[in-house]
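A structural walkthrough
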2 protein chains.
Amino acid sequence: MRLTRYFLPVLRENPAEAQIVSHRLMLRAGMIKQNAAGIYSWLPLGFKVLRKLENIVHEEQVRAGHIPMLMPTLQSADLWRESGRYDAYGPEMLRIRDRQDRDMLYGPTNEEMITDIFRSHVGSYKDLPLTLYHIQWKFRDEMRPRFGVMRGREFFMKDGYNFDLTKEDALHAYNRHLVSYLRTYERMGLQAIPMRADSGPIGGDDTHEFLVLAETGESEVFYDSAVTDLTFGDREIDYDSVEQCAAIMEEFTTKYARTDETHDPALFDQIPEARRRTARGIEVGQIFYFGTKYSDAMGATVQGPDGKPTPVHMGSHGIGVSRLVGAIIEASHDDKGIIWPEGVTPYHCGIVNLKQGDAEADAACDALYQSLTALGLEPLYDDRDERAGGKFATMDLIGLPWRITVGPRGLKNGVVELTSRRTGDSQELPPEEAVKKIAEIYGDMHSSEHVQMMGTRSFHTYI
Amino acid sequence: MRLTRYFLPVLRENPAEAQIVSHRLMLRAGMIKQNAAGIYSWLPLGFKVLRKLENIVHEEQVRAGHIPMLMPTLQSADLWRESGRYDAYGPEMLRIRDRQDRDMLYGPTNEEMITDIFRSHVGSYKDLPLTLYHIQWKFRDEMRPRFGVMRGREFFMKDGYNFDLTKEDALHAYNRHLVSYLRTYERMGLQAIPMRADSGPIGGDDTHEFLVLAETGESEVFYDSAVTDLTFGDREIDYDSVEQCAAIMEEFTTKYARTDETHDPALFDQIPEARRRTARGIEVGQIFYFGTKYSDAMGATVQGPDGKPTPVHMGSHGIGVSRLVGAIIEASHDDKGIIWPEGVTPYHCGIVNLKQGDAEADAACDALYQSLTALGLEPLYDDRDERAGGKFATMDLIGLPWRITVGPRGLKNGVVELTSRRTGDSQELPPEEAVKKIAEIYGDMHSSEHVQMMGTRSFHTYI
């Protein structure tokens with residue numbers, strides 16, 4: 001993309017309304033614009049990141065064998081009356097009356113609707129196990145929406161639902177979700193720690209929240225520092241393997257890590273003192289097993305192997321996709337702006353032309369742009385007629401991990417400059433070497449799972 | 001995808017509520033489920049088609065130089081009061097009051113919001129031309145929702161908005177959209193004819209609707225049969241070229257083609273009688289030029305070259321993405337079920353195992369599945385333990401364009417059967433030849449635009 005043809009309305013000033021760094025940087029980098037309290041438009045740069053996260057979530061869910069579909073944003077109140085949650089849910093549920101005077105609501109979650117779909121279409125234990133999920137806009141009418149997309153009212157969320165014949169099968173689904181979530185967050189450059197949590201209005205006993213450590217987190221968390229040494233890495237997982245999933249569950253949840261809701265000071269004190277940590281965390285996902293709560297209430301049974309109607313065991317599993325954009329920025333920025341992890345960056349590298357209009361510099365930038373594009377990479381080329389300082393400031397603010405700087409002086413020596421946004425380190429090298437280096441960085445990232453998944457090598461997310 | 005691991009709840013019976021064939025077939029093929037009047041869940045097969053259409057629209061919009069973003073579903077009433085449309089819009093607008101008693105609405109369209117974004121961020125004619133678009137769920141509280149996704153209440157739509165300094169520039173944007181739409185529909189296997197139309201509540205003089213001819217269409221249309229001979233084909237278009245876009249506009253809109261709203265019997269009678277056609281059409285898109293209607297009302301000006309504030313010229317342009325799924329089926333089906341055009345099919349081919357459990361047949365199906373997947377194609381393998389008749393009926397119903405049938409008798413002679421859903425023609429050939437043939441069919445389709453666009457060869461839509 002050439003900046004002169006893009007829509008990137010960066011702000012010079014810090015917006016007064018933004019209390020936390022991700023909100024401030026998303027506004028300043030031209031990623032979002034508030035349309036009403038807690039309701040945002042995703043401007044092109046923000047939308048591109050959101051879409052990348054959505055694609056990563058889809059890829060990892062499909063890899064785990066979960067099936068994508070899409071439920072609508074508006075729901076009939078009737079289903080919620082069946083489960084008993086219509087009256088139980090507080091004023092955070094946005095209630096709507098349509099022109100026929102029917103009670104509707106903007107879905108905050110979809111347990112009722114998916115259970116209704118299940119009971120309408122599935123009749124036999126032979127059709128189990130089944131996990132359906134969707135990524136859809138939801139609404140929670142927060143009293144005080146704030147922190148930008150971190151606590152918005154209209155938010156984008158993946159929610160998935162497993163249906164199993166037995167508790168044992170459902171707990172495998174629970175573990176499988178935990179594994180797929182660990183992998184998802186790592187691809188986004190995040191460490192999200194599963195912590196034992198409270199189930200709240202969803203119900204059920206077993207639940208883990210995934211928290212990203214950040215000073216601005218809404219939850220106080222307590223953990224054994226050994227949990228932060230765990231990484232998922234490049235493991236090959238057979239998601240059908242009960243043993244493999246259980247082993248990873250155990251590895252990642254045995255060490256102490258809890259939110260303040262479930263914190264147990266006596267247990268915490270058993271950790272060697274040097275490893276005891278108290279910090280703040282941002283919740284970016286949660287998994288639940290709640291057994292037959294909804295299937296009992298709504299009559300979602302299957303014919304079991306014994307021929308008798310058996311209520312299915314269920315769980316639900318969520319990832320806050322729009323909130324993750326904020327969480328990633330909270331976890332990865334400096335005083336100049338955002339620092340995108342390679343896995344989610346909206347553009348793979350920036351190209352800064354120090355002397356726009358100089359025939360040689362323009363030609364070199366065009367050639368770089370072509371070479372990168374031909375490799376399937378997406379550069380963002382700052383081709384504006386502006387001073388170098390302004391171009392650098394914009395690139396630092398929007399946080400692309402790599403920048404190639406092109407100027408007449410370097411070109412005389414046959415070199416351009418390649419700079420890491422994270423470390424600030426620069427090196428001079430011939431343009432074709434810079435291209436090769438960037439292709440390697442992203443190629444390594446994509447070489448394993450991505451290619452396997454796609455059957456081909458592609459960096460693109462279509463838009 | 002293996003059918004035993006999928007969720008494809010096909011119905012044997014014709015659902016009583018479905019009055020038109022696309023609604024009936026979408027229900028029977030397990031593509032959608034109604035959750036409330038005019039509100040549907042997209043079950044896995046339906047969602048996969050919807051997502052393919054969304055990706056095609058994105059690709060063609062990006063190709064034309066239009067910039068993707070995303071606006072929220074809910075809007076504040078205030079903006080609509082500014083434009084005067086809050087009161088003007090009838091009961092089809094779903095009005096909502098939030099917990100703070102603020103007037104909100106579920107957006108039926110986004111002229112006001114995009115104009116607000118524009119005026120907040122763009123100040124100079126130097127930032128023009130600019131075209132922003134999004135693909136988002138919208139709501140129209142129809143009195144009598146019907147015909148499935150063809151006239152639903154919650155619907156998925158691409159709407160784009162151009163901002164230009166002059167009427168002349170805006171008319172180029174209009175033509176550019178027409179070109180990109182022609183290309184979009186053709187990739188979906190549709191002939192959508194641009195017809196002079198009425199602008200309705202959007203306003204403006206210049207507008208064309210795109211109509212797909214179908215018996216069940218809601219509009220009566222009148223046209224010169226010569227328009228149906230026009231095809232866009234493989235043309236290379238420079239979307240910046242005013243002349244090229246104008247020439248295509250002229251080519252596709254000069255011959256008589258009008259809806260009943262703008263029909264002129266005197267003009268129609270000038271067509272040679274043998275070429276006069278009256279038919280019905282389904283509206284799948286519309287483009288508008290409405291000048292400064294919204295920029296005047298909402299103060300969206302830029303500093304012109306003369307330094308003076310100048311209201312921008314605008315247009316808006318829509319494609320009904322969810323409605324298109326129905327329109328494609330209306331245009332492409334037979335009495336056995338859907339016939340997907342190759343460009344939008346949810347799976348590239350089906351594999352039917354005539355004798356599940358037979359070691360040789362199972363192995364041959366697995367090998368076919370692997371080979372197709374390795375080429376980046378997505379097969380749907382019916383690996384259920386069911387009779388051949390049931391498997392064929394399901395494949396015919398869900399309409400994959402190609403089917404490979406594998407059975408012990410053919411394998412003895414080293415062949416499988418490759419069948420076209422459209423023609424019903426079958427041929428016997430070795431499995432590797434069948435794979436090659438299918439790869440060629442889709443490879444040719446993708447070879448030009450797709451690869452250019454993606455920088456690589458990929459058939460996948462990620463989910």
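This structure is a prediction, so every number in the text was calculated from the model and none was measured. (Residues numbered from 1 in each chain as written. Chains lettered and ligands numbered in written order. Predicted model: local features only at pLDDT ≥ 70, side-chain atom pairs only at ≥ 80, totals over all residues. Heavy atoms only, no water.)

Of regular secondary structure, chain A possesses 15 helices and 23 strands. Against the compact-globule benchmark of 23 Å for 463 residues, chain A has a radius of gyration of 24 Å, which places it among compact chains. C-alpha extents for chain A along the principal axes are approximately 80 × 55 × 45 Å. Put simply, chain A has 463 residues, and 61% of those count as buried. A fraction of 71% describes how many contacts in chain A between residues 6 or more apart in sequence connect residues 24 or more apart. On chain A, roughly 17400 Å² of surface is accessible, and the fraction owed to carbon and sulfur atoms is 46%. In chain A, 53 side chains carry a positive charge and 70 a negative one; their mean positions are 4 Å apart. (Helix = DSSP H or I, 4+ residues; strand = E, 2+ residues; numbered from the N terminus. Rg over C-alpha atoms; globule rule 2.2 N^0.38 Å. Buried < 20%, exposed > 50% of the residue type's maximum accessible area, 1.4 Å probe, protein only. Contact = heavy atoms within 4.5 Å. Areas by Shrake-Rupley, 256 points an atom, 1.4 Å probe, with all protein chains shown as cover. Lys, Arg positive; Asp, Glu negative; His and termini not counted. Charge placed at Lys NZ, Arg CZ, Asp CG, Glu CD.)

This brings us to the packing of aromatic side chains. According to the stated counting rule, one finds 25 aromatic pairs over all chains in the structure shown. Between Tyr369(A) and Tyr381(A), the ring centres sit 6.3 Å apart and the planes meet at 50°, which makes this aromatic pair tilted. Here Tyr369(A) is found in helix α11 (residues 359-374), whereas its partner Tyr381(A) is found in strand β20 (residues 379-382), with 12 residues between them in sequence. This pair shows no difference in class: Tyr369(A) is buried, exactly as Tyr381(A) is. Their ring planes at 75° and their centres at 5.7 Å tell us that Trp80(B) and Tyr89(B) sit as a pair that is edge-to-face. You can call Tyr89(B) buried: its relative accessible area is 15%. Aromatic rings pair up to connect Tyr106(A), Phe139(A), Tyr106(B) and Phe139(B) into one cluster. The ring centre of Tyr86(A) lies 4.6 Å from the NZ or CZ of Arg81(A), which sits over that ring. Here the guanidinium or amino end of Arg95(B) rests over the ring plane of Tyr86(B), the centre of that ring lying 4.7 Å away. (Phe/Tyr/Trp six-rings, centres within 6.5 Å; stacked < 30°, edge-to-face > 60°. Lys NZ or Arg CZ within 6 Å of the ring centre and 35° of its normal.)

This part takes up empty space enclosed by the protein. Picture a little ball the size of a water molecule; that probe, rolled over the atoms, points out where space is still empty. Inspection of the entire model under this criterion finds 7 cavities of 30 Å³ or more. Here the largest cavity is characterised by a volume of approximately 230 Å³. Lining the largest cavity are 19 residues; nearest its centre among them are Glu54(A), Phe156(A), Arg51(B), Glu54(B) and Phe156(B). Sorting the residues of the lining of the largest cavity by element identifies α2 (44-63) and β7 (130-139) of chain A together with α2 (44-63) and β7 (130-139) of chain B as the ones contributing at least two each. Considering every element that reaches the lining of the largest cavity, the biggest residue donor is α2(A), with 5 residues. A per-class count over the lining of the largest cavity returns 12 nonpolar, 3 polar and 4 charged. (1 Å grid on protein atoms, 1.4 Å probe; cavity = no way out; pocket = protein on both sides within 12 Å on 5 of 7 lines; lining within 4 Å. Points joined across faces, edges and corners; volume = space filled by probe spheres on them. Nonpolar A, V, L, I, M, F, W, Y, C, P; charged D, E, K, R; others polar.)

Turning our eyes to something else, we now look at the pattern of salt bridges. Tallied over the entire structure, the rule returns 61 salt bridges over all chains. One salt bridge in this structure joins Arg85(A) and Glu111(A), with 2.9 Å as the shortest N-O distance. A residue pair is termed long-range when its members are at least 10 positions apart, and Arg85(A) in helix α4 (residues 85-88) and Glu111(A) in helix α5 (residues 111-121) qualify at 26 residues. A relative accessible area of 6% places Arg85(A) in the buried class. The salt bridge involving Glu82(B) is made with Arg119(B); its shortest N-O contact spans 2.8 Å. In this pair, Glu82(B) sits in helix α3 (residues 77-83) while Arg119(B) sits in helix α5 (residues 111-121), placing the two residues 37 residues apart along the sequence. Of the residues examined, Arg119(B) reaches a relative accessible area of 26% and is grouped as partly exposed. Within this structure, Glu59(A), Glu60(A), Arg63(A), Arg183(A) and Arg187(A) form a network of salt bridges that share partners. (Salt bridge = Lys/Arg side-chain N within 4 Å of Asp/Glu carboxyl O.)

Once that is clear, we can look at the interface of chain B and chain A. In this assembly, 75 residues from chain B lie in contact with 75 residues from chain A. Taken together, the connections running from chain B to chain A amount to 8 salt bridges. Taking the shortest distance from any N to any O, the salt bridge between Lys33(B) and Asp116(A) comes out at 3.9 Å. Our count for the chain B to chain A interface comes out at 20 residue pairs in polar contact (both at pLDDT 80 or more). Counting residues per element, the side of chain B that touches chain A draws most heavily on α2(B), which supplies 9 residues. (Polar contact = N/O pair within 3.5 Å; in protein donor to acceptor, adjacent residues only side chain to side chain.)

This part is about the domain arrangement of chain A. Interfaces are often described in size by the accessible area the parts lose on coming together. Residues and elements named next belong to chain A. Taken as a whole, chain A is organised into domain 1 (21-338) and domain 2 (347-454). In this complex, domain 1 contributes 18 residues to the contact, which on the side of domain 2 involves 15 residues. Contact between domain 1 and domain 2 buries roughly 1500 Å² in total, counting both sides, with carbon and sulfur atoms accounting for 48%. When the buried surface of domain 1 facing domain 2 is broken down by residue, Lys48, Glu59 and Ile338 rank first, second and third, together holding 30% of it. Put simply, domain 1 and domain 2 have 2 salt bridges between them. As a salt-bridge pair, lysine 48 and glutamate 378 come within 3.1 Å of each other at their nearest N and O atoms. For the pair domain 1 and domain 2, the number of links is 6 residue pairs in polar contact (both at pLDDT 80 or more). At the level of elements, α1 (21-28), α2, α6 (167-187) and β18 (337-338) are the ones that each hand at least two residues to the side of domain 1 that touches domain 2. Considering each element in turn, the side of domain 1 that touches domain 2 owes the most residues, 6 residues, to α2. Residue classes in the side of domain 1 that touches domain 2 are distributed as 5 nonpolar, 2 polar and 11 charged. (Domains from an automatic or database assignment. Buried area = accessible area lost by both parts, 1.4 Å probe.)

Below, the discussion takes up the sheet that holds strand β23 (residues 426-429) of chain A. All names here are of chain A. Across the sheet, 5 strands lie side by side as β20-β19-β21-β22-β23; this open sheet has mixed pairing. Sheet topology places β20 and β23 at the edges, where each strand pairs with a single neighbour. Averaged over all pairs of adjacent strands, the angle between their axes in this sheet comes to 20°, without regard to strand direction. As paired elements, strand β19 (residues 349-353) and β20 share 4 bridges and run parallel to each other. Bridge pairing links glycine 350 to leucine 380 in β20. Against the sheet, α11 contacts β19, β20, β21 (402-406) and β22 (416-420), and its axis sits at roughly 165° relative to β19. (Pairing = 2+ DSSP bridges. Axes fitted to C-alpha atoms, helices over the stretch in contact; angles between N-to-C directions.)

Counting 220 residues, the largest nonpolar core has Met31(A), Trp42(A), Met31(B) and Trp42(B) as the members making the most contacts within it. If sequence neighbours within four positions are ignored, Met31(B) has contacts with Met26(B), Ser41(B), Trp42(B), Leu43(B), Leu45(B), Gly46(B), Val49(B), Val325(B), Ile329(B), Ile338(B) and Trp340(B). (Core = buried A, V, L, I, M, F, W, Y, C linked by side-chain atoms within 4.5 Å.)

Moving on: a negative patch on the surface. On the surface, Asp198(A), Glu220(A), Asp260(A) and Glu261(A) cluster together into a patch of negative charge. Within the secondary structure, Glu261(A) is located in the loop between β12 (257-259) and α8 (265-268). (Patch = residues over 30% accessible without salt bridge, like charges linked within 9 Å, V, L, I, M, F, W, Y side chains within 5 Å.)

Here we come to the confidence of the model for chain A. Caution applies to low-pLDDT parts of the model: their predicted coordinates are not meant to be read in detail. Per-residue confidence for chain A averages 93 on the pLDDT scale, and 94% of its residues sit at or above 70. pLDDT under 50 marks residues 447-463 of chain A. Its contacts with residues more than four places away, or in other chains, come to 65 contacts. (pLDDT = per-residue confidence, 0-100.)

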